[in-house]
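Architecture at a glance
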Amino acid sequence: MSASGYDAIVLAGGRSSRMGVDKLGLEVGGATLLARACAAVPDARRLVVVGPPGQADVPSGAVCVQEDPPFAGPAAAMGAGLAVLGAEACAQVIVLAADVPRAREAVPALLTTLDAHPDADGILARSSDGHRQPLVAVYRSDALRAALSANEPLANRSAMRIIAELRLIEIGMSDDVLADVDTPSDLRRLNEEIDHG
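Residues numbered from 1 in each chain as written. Predicted model: local features only at pLDDT ≥ 70, side-chain atom pairs only at ≥ 80, totals over all residues. Heavy atoms only, no water.

1. Some details on helix H2 (residues 74-85)
For an α-helix, the turn length of 3.6 residues means that residues three or four places apart are oriented alike. This is how the line gets drawn: Helix and strand definitions follow DSSP, with helices as H or I runs of at least four residues and strands as E runs of at least two, each counted in order from the N terminus. To estimate how far a helix should extend, the number of its residues minus one is multiplied by 1.5 Å. Burial classes follow relative accessibility: with a 1.4 Å probe on protein chains only, a residue under 20% of its type's maximum area counts as buried, one over 50% as exposed, and anything between as partly exposed.
Over its 12 residues, H2 runs 17 Å from end to end, which matches the ideal 16 Å to within 8%, given 1.5 Å per residue. The buried fraction of H2 is high, at nine of 12 residues. Within H2, the full set of buried residues consists of Ala 75, Ala 76, Ala 77, Met 78, Gly 79, Ala 80, Gly 81, Leu 82 and Leu 85. The positive-phi residue at the C-terminal boundary of H2 is Gly 86, with phi of around 65°.

Here is the structure:
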């Protein structure tokens, strides 16, 4: 864990259109996607889950909020999460998409790298094809807040647009760790991989 502590925002507000059901209640390795995402940040001082009300598997003590308008995308969700954390937010905040079941393996490297680069605004995971992962990342809270404010209104803005002007460091991570669940075949594949260790 980072020496200075961190807060966490889990983005759980997608429509799951390609899955056909609310995918966050589906299980990978015996735990729901939402439960796994929340468990990825066990040392967070505060955890905010951004998504529809009444979701199961939200840990006690977590704060639930929905972006306005609902389903307005990741930028709006990040804004809603930071608004809940308010002026008392930790200096750094982990942002995780709830459909990345192995995100817990990425979190220590994100925090350690940010601690080692005090001039960076954040650290992003990067897949083997060079794709940046703004929703498997840690940001300086003040820098992310300023970037969100500069891009208002946030509804339907992309996360990449929000972070475009930030000073970010990318760290390569295994594609298996960064794999997300969008379709039934993704779910089957990830369960098979986890079952086989």
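2. Re the nonpolar core
The line we're drawing: Here the nonpolar core consists of buried residues drawn from Ala, Val, Leu, Ile, Met, Phe, Trp, Tyr and Cys, with membership extended through side-chain atoms lying within 4.5 Å. Note on definitions: a residue-residue contact is assigned when non-hydrogen atoms from the two residues lie within 4.5 Å.
The biggest cluster of nonpolar side chains holds 68 residues, and the ones touching the most others in it are Val 41, Ile 94, Leu 110, Tyr 139 and Leu 144. For this core, the element with the most residues is H2, which contributes seven residues. With residues up to four places along the chain from it excluded, the contact list for Val 41 reads Tyr 6, Ala 8, Leu 47, Ile 94, Leu 96 and Val 107.

3. Looking at unusual backbone geometry
In the segment running from Asp 68 into Pro 69, the intervening peptide bond is cis, with an omega of -5°. Within the secondary structure, Pro 69 is located in the loop between strand S5 (63-65) and H2.

4. Some thoughts on the sheet that holds strand S6 (residues 92-97)
Rules: Note on pairing: DSSP must find at least two bridges between two strands before they are called paired. Note on method: axes are straight lines fitted to C-alpha atoms, helices fitted across the in-contact stretch only, with angles between N-to-C directions ranging 0 to 180 degrees.
The seven strands are arranged S5-S4-S1-S6-S8-S7-S9 in an open sheet whose pairing can be described as mixed. Single-partner strands in this sheet number two, and they are S5 and strand S9 (168-172). Taken pair by pair, the neighbouring strands of this sheet meet at an average axis angle of 20°, ignoring direction. Sheet topology note: the strand S7 (residues 122-126)/strand S8 (residues 132-140) ladder contains five bridges and is antiparallel. Looking at S8, one finds that Ile 123 is bridged to Val 138.

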